[in-house]
Amino acid sequence: MFEIPAVHAAMLVGAVGAVMPMWRAHGTDCRVRIAHGAMAVSMVAMMIPGAPEWIHLLEGGVLIALALFVTGETMHRRTAVPCAVDLTAMGVLLLLAPTAAPMPAASASVPPGHHHGGAGISTGWLPVVVLVCWALLALHLFRSTPPRERRSGVRTAAAGSALMILGMAPMAV
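The notes below deal with the structure included here. (Residues numbered from 1 in each chain as written. Predicted model: local features only at pLDDT ≥ 70, side-chain atom pairs only at ≥ 80, totals over all residues. Heavy atoms only, no water.)

**Concerning a nonpolar patch on the surface**
A grouping of W54, L57, L58, V62 and L95 is seen on the molecular surface, where their side chains present a nonpolar patch of about 460 Å² in accessible area. Among the elements that take part in the nonpolar patch, helix α3 (residues 53–71) stands out by supplying 4 residues, more than any other. Checked against the element boundaries, V62 lands in helix α3. (Patch = residues over 30% accessible without salt bridge, like charges linked within 9 Å, V, L, I, M, F, W, Y side chains within 5 Å. Areas by Shrake-Rupley, 256 points an atom, 1.4 Å probe, with all protein chains shown as cover. Salt bridge = Lys/Arg side-chain N within 4 Å of Asp/Glu carboxyl O. Helix = DSSP H or I, 4+ residues; strand = E, 2+ residues; numbered from the N terminus.)

**Here's the deal with the packing of aromatic side chains**
Applying the stated rule across the entire model yields 0 aromatic pairs. Just above the ring of F69 sits the side chain of R31; from NZ or CZ to the centre is 4.6 Å. (Phe/Tyr/Trp six-rings, centres within 6.5 Å; stacked < 30°, edge-to-face > 60°. Lys NZ or Arg CZ within 6 Å of the ring centre and 35° of its normal.)

**Focus on the side chain of H36**
On the secondary structure map, H36 appears in helix α2 (residues 30–45). Residue classification places H36 among the buried positions, given a relative accessible area of 5%. (Buried < 20%, exposed > 50% of the residue type's maximum accessible area, 1.4 Å probe, protein only.)

**So, the side chain of S161**
The residue S161 is located in helix α6 (residues 152–172) in this model. Overall, the relative accessible area of 4% leaves S161 in the buried class. Each residue touching S161, except ones within four places of it in the same chain, is listed here: D86 and A138. (Contact = heavy atoms within 4.5 Å.)

**Here we look at the environment of W125**
Relative to the elements of secondary structure, W125 occurs in the loop between α4 (77–100) and α5 (126–143). Given the relative accessible area of 53%, W125 is considered exposed. Distance in space between the C-alpha atoms of W125 and A172 is 8.0 Å, their sequence separation being 47 residues.

These figures capture arrangement, not role.
Written out as structure tokens, the structure is:
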């Protein structure tokens, strides 16, 4: 998706963030482990040069479906809800990525001025909004956990979310 080494490094950091909660997986549901594995695979797939855009759209759809899978009948809400937030945000960013790409310059045959229709609506800011909301929601979920329940698993999941947010930042910018 991106060919810049710094972007690849950020995405690699995001992949590490996706597998971090799996290191502290005792007490988490198998669904959460599957979801984190899928997020790591998705982050690595974004680094493959020349991958068609439909692959990333498919990844986005799968991640959103996994968010529903993770929250279905799980006993560990403390780990499932942050995982579902990560899955949903990453999936939405992947679905928005092709539409957020820079559009070619307007044709010279179109005169400047007032035009009617939806062609002038820009969604380039939408991925940034998703990224900011993801970061704020992840912070809220961590801060709303009572301090006595902030064991290393919750802290590891929050750190993993932060790294995934960093890894997905190039898609939003």
